[in-house]
Amino acid sequence: MTVRTTGSAMSGGPLLLGVRHHGPGSARAVLAALDSVRPRAVLVEGPPEGDALLRLAADERMRPPVALLAHAVNDPARAAFWPLADFSPEWVAIRWALAHRVPVRFVDLPAAHSLAMTEPPAGRPADTVLDPIAVLAGTAGYDDPERWWEDVVEHRSTDGAPADPRAPFAALAEAMTALREAYGDGGQPRDAVREAHMRIQLRTARKEFGDDIAVVCGAWHVPALATRTTLAADRALLKGIPKVKTELTWVPWTHRRLARHSGYGAGVASPGWYGHLFGAPDRPVERWMTKVAGMLREEDRPVSSAHVIEAVRLAGALAALRDRPFPGLTEATDAVRAVMCEGSDVPLALVHARLVVGETLGEVPDTAPAVPLQRDLTRHQRTLRLKPEAQERELGLDLRKDTDAARSRLLHRLRLLGISWGEPVAGRGSTGTFRESWRLRWEPELSVRIAEAGVWGTTVLSAATARAESEAASATTLADVTALAERCLPAGLTEALPLVMRALADRAALDADVGHLADALPALARSLRYGDVRSTDTTALGEVAVGLAERICVGLPPVCTGLDADGAVELQHRIEGVHTAVGMLAAAVPADGLRERWAGVLGKLSARDAVAGVIRGRATRLLLDDGRLAEEEAARLMSLALSPGTPPADAAAWIEGFVGGAAGGGMLLVHDERILGLVDTWLTGVPADLFTDVLPLLRRTFSAYEPGVRRTLGELVRRGPSAAAARGADTAGMPGFGPGLDEERADAVLPVLRLLLGLDDAATGGATR
C-alpha cells in the first residue's frame, strides 16, 4: 500500500496528518490542510464504536472540553476516556467534516478490545516508554520538550504560514520515521495491534472513497500507516485478542483534567494557555496579559493598563534574550510575576490555576446516550439548581428549607453510591443540626462511578436503597451497621431503614465487646439527631441506642482495669464519645434515668484506684463539667491522685485526663487557681530523677492549649499562689470562681446574646435573665 504525506494532488494516496493530541498548532495546521485539500472523507484516531455519536459534535449544545467514555457493560469500572478540547486536532477535523457534510469515522482499535486488554505488557517497565517529543527536543538542544514544541509548532505562525499547509506534517512524518527506525515500537508493543486495525480501516475507506481521504492521527503512527503490509498480515496481528461488550457516550471534561498525564492521549500542562493560543486571532501575548490583568483586578489587586504594556514588553525582551522566535508561556509567566505580581508567587499561583490550567467544564447535549441513573441525576440537578462545576465551591444548606433538604438527601445518596460529587465540611453549625456545609467539585471520573452505580438501580433513590440493603445484609461488624445507619438517615432511605435496623439489632445483640459497643453508640446518637432535623421516624433506632448505652454502663467498669498506657488512652477517647452520646440520647428519646446511671459509672471510675490514671482524671472532669461533682470533691480527688505516694507517671496521666487539651482544661486552670495550685505544687515536688519520665506526657497535655492560655498560665505561676485564689476570688485582675452570682455582670451580656441569636424582647418575653 502506498501512502503519501505531501503533494498537491490527491491521486498519490491518502493524506496522513500526524498531530500532537491537544496541540493548538497542530489543530490550526489540520484546519488549513483540510481547507486546502477538501478530502472526500476524514478518518480520525478513536474507537469505531463512537461513530454513531460523531453527529453530536455539531450540536450547538456540545461545548468542549468533552470526552468519549467507553465502559464495559458487565464491569463499568473497566473504562477509558478519549478527551477532546477546542484546540484538539481531532475535534477540529470532526467539526470540519460535519460542517462540510463529509463522512467522518473513527479508525483506532475498537474499545471492545482495548478495554479487554487492561494488563500492562509483561517485561515493559513504565520508564522504557519513549517520549518522541522529548527525544526531538533534546536533539534540537532543548531541555524542555514543551518549550521546543511551542517554538517549532505552536508559534510557527509568527514566521508566516507555509505556502503548502501540508508541509509541517511532512516534516513531522520524516522525524517520526527516523525515531521509529531507531527506537522500534518505543516501548509500546500494543501499538502494532492498533496500527494494524487502522491500516485495515484505511483500506476499507479507500475502496469506498478512493485516495481522497485525510487521516488525522498521532504523529507517532504515521510511519506505521505509510508502510507496505498485506491484509493477511494485519489480520494475523488482530487474531485472538480479547473482547468485551461496551457502551459509549459523550461526557463533560475539564481543562484541569486535561493537564494530567493520564487517560487517553498526552496530558498538556497548560490547557488554558493552549486554548488561548488557539482562540486568539492575533496578538496572543497582548490578549493574554489583558486577560491576566482582568482576573487579578477581580481579586482586588491593583493592575493597570501600564502593567499590561510593561508585561508585554518584558515578555518580548525575555524571548529575544532566550533566542526564542516568540514569547511563550515561560516568558509570559515570568513577566506576569515581575510586573503584575510584584515578584510574589502567591497571586501567580491563582493565575496558573484559573488561566494557565483553567477551570472550564464542558457540556454535553441531552440527546447523548446515558445510563438511566445518569438521566435521573441530571433531572435532580436541574430541579434542585445544582449545576456541576469544575471549580471547587462550598454550599451551605438550611435543612428547614425544602429545597436545601432535598439537595442534602441527593448528596448523601450519591456518597453512599460512591459518587463523591460533594464532601461534607465543617461550617456554620455541624452535621446533625439544621445546617450543613458541603464542598462540591465535579470530576469527569464521576461519570464512570455513575455507570458503576447503575447496577443498583435506575434512579438515585432506588440505587442508594438497594446499595444500603446489600451492605446491611453483608455487614460483619456492629461498627459497619452503625456507620451505614448514620449514612441512611440523612439520605432519607426510608425503605432501606427497616432492614438496616434489623441488622443493627442483630449485631448489637451478638456483640459483647464493650469497646465495639462504645464505638457504635456515638454514630447512633448522631443519627437520631438527623432524624430530629429531617422529621424521620427513628423509634427503632432509639431503642437500639438506649439498649447499647445500658449495656455499656454495665460492662464498662470491669474493662477499665489492667490497661497499658496506650489502651487506657484509647478507652478514654471512647468514654468521651459515650458521654456525648448519652447526652444526645437523653435529649432525643425516652431514656429514663440514663444520665444518672452513666454519671454513676463515671463516679465509680473516678474513685477506683485500679483504674488507669488518665481514665480516672477524665471521668472526674466530665462529672465536674456536668455539675455532678462539687469543686471541693474534684479538688479532693486531685489531691489524692497527686499525693506523694502516687508514682509520678500515674499522676501525670491523671492530669492529662483531667486537664487535657481536648477537654478545655486550659481555661479551667486559668479560672480556678486552686486547681492550678495543686498541679503546680505536685509538679515542683516531682524528684529530679523522675521528672524526665513524666515530661513527655506533660508536654503532650499542655502543648494542646492555645498560645494565649499557655501565656496566662505562665503568668499565674510566676505570680505564685495566694490565699485569695484558694477562696476562688479574683487575684491580680484574673477571673476566678466566686461564691455567688454577680447578676449585674451576667445581665450585661444578655443584649449581645439576643443579637447573636436573632431574638428580641418579644421573643424572650422581655426577660433579662
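Scope of this entry: the structure provided in the associated data block. Model, not experiment: these values are computed from the prediction.

Let's talk about the sheet that holds strand E7 (residues 246–252)
Line of reasoning, step 1. Read from one edge of the open sheet, three strands run E4-E3-E7, paired in antiparallel fashion. Only two strands of the sheet have a single neighbouring strand rather than two, namely strand E4 (75–84) and E7. Averaged over all pairs of adjacent strands, the angle between their axes in this sheet comes to 25°, without regard to strand direction.
Line of reasoning, step 2. As judged from the seven bridges shared by strand E3 (residues 66–72) and E7, these two strands associate in the antiparallel manner.

Some remarks on unusual backbone geometry
Line of reasoning, step 1. Here the residue pair Pro-64 and Pro-65 is connected by a cis peptide bond, since its omega of 5° sits within 30 degrees of zero.
Line of reasoning, step 2. Within the secondary structure layout, Pro-65 lies in the loop between strand E2 (41–44) and E3.
Line of reasoning, step 3. The backbone of Arg-283 shows a phi angle near 45°, a positive value even though the residue is not glycine.

Here's the deal with the packing of aromatic side chains
Line of reasoning, step 1. Applying the stated criterion to the full structure yields six aromatic pairs.
Line of reasoning, step 2. With 5.5 Å between their ring centres and 85° between their planes, Trp-421 and Trp-442 make a pair best called edge-to-face. Here Trp-421, found in the loop between helix H17 (402–416) and strand E9 (422–425), pairs with Trp-442, found in the loop between strand E10 (435–440) and helix H18 (446–453); they are 21 residues apart in sequence, far enough to count as distant. Per residue, the accessibility class of Trp-421 equals that of Trp-442, and both read buried.

Considerations on the side chain of Gln-572
Line of reasoning, step 1. Here Gln-572 lies in helix H24 (residues 565–588).
Line of reasoning, step 2. Among the residues examined, Gln-572 registers a relative accessible area of 5% and is labelled buried.
Line of reasoning, step 3. When residues no more than four places from it in sequence are discounted, the contact partners of Gln-572 are Val-614, Ile-615 and Arg-618.

Re the nonpolar core
Line of reasoning, step 1. Judged by nonpolar contacts, the single largest core of 112 residues is most densely connected at Leu-521, Leu-556, Ile-575, Trp-598, Leu-605 and Ile-615.
Line of reasoning, step 2. Per element, the largest residue contribution to this core is nine residues, and it comes from helix H23 (residues 539–559).
Line of reasoning, step 3. In this view, Leu-556 contacts Val-514, Leu-571, Ile-575, Trp-598, Val-601 and Leu-605; residues no more than four positions away in its chain are not counted.
Line of reasoning, step 4. Formed by 49 residues, the second largest nonpolar core is a distinct cluster that contains Leu-69, Trp-220, Val-339 and Leu-348.

Reading the values: rules and limits
Residues numbered from 1 in each chain as written. Predicted model: local features only at pLDDT ≥ 70, side-chain atom pairs only at ≥ 80, totals over all residues. Heavy atoms only, no water. Pairing = 2+ DSSP bridges. Helix = DSSP H or I, 4+ residues; strand = E, 2+ residues; numbered from the N terminus. Axes fitted to C-alpha atoms, helices over the stretch in contact; angles between N-to-C directions. Phe/Tyr/Trp six-rings, centres within 6.5 Å; stacked < 30°, edge-to-face > 60°. Buried < 20%, exposed > 50% of the residue type's maximum accessible area, 1.4 Å probe, protein only. Contact = heavy atoms within 4.5 Å. Core = buried A, V, L, I, M, F, W, Y, C linked by side-chain atoms within 4.5 Å.

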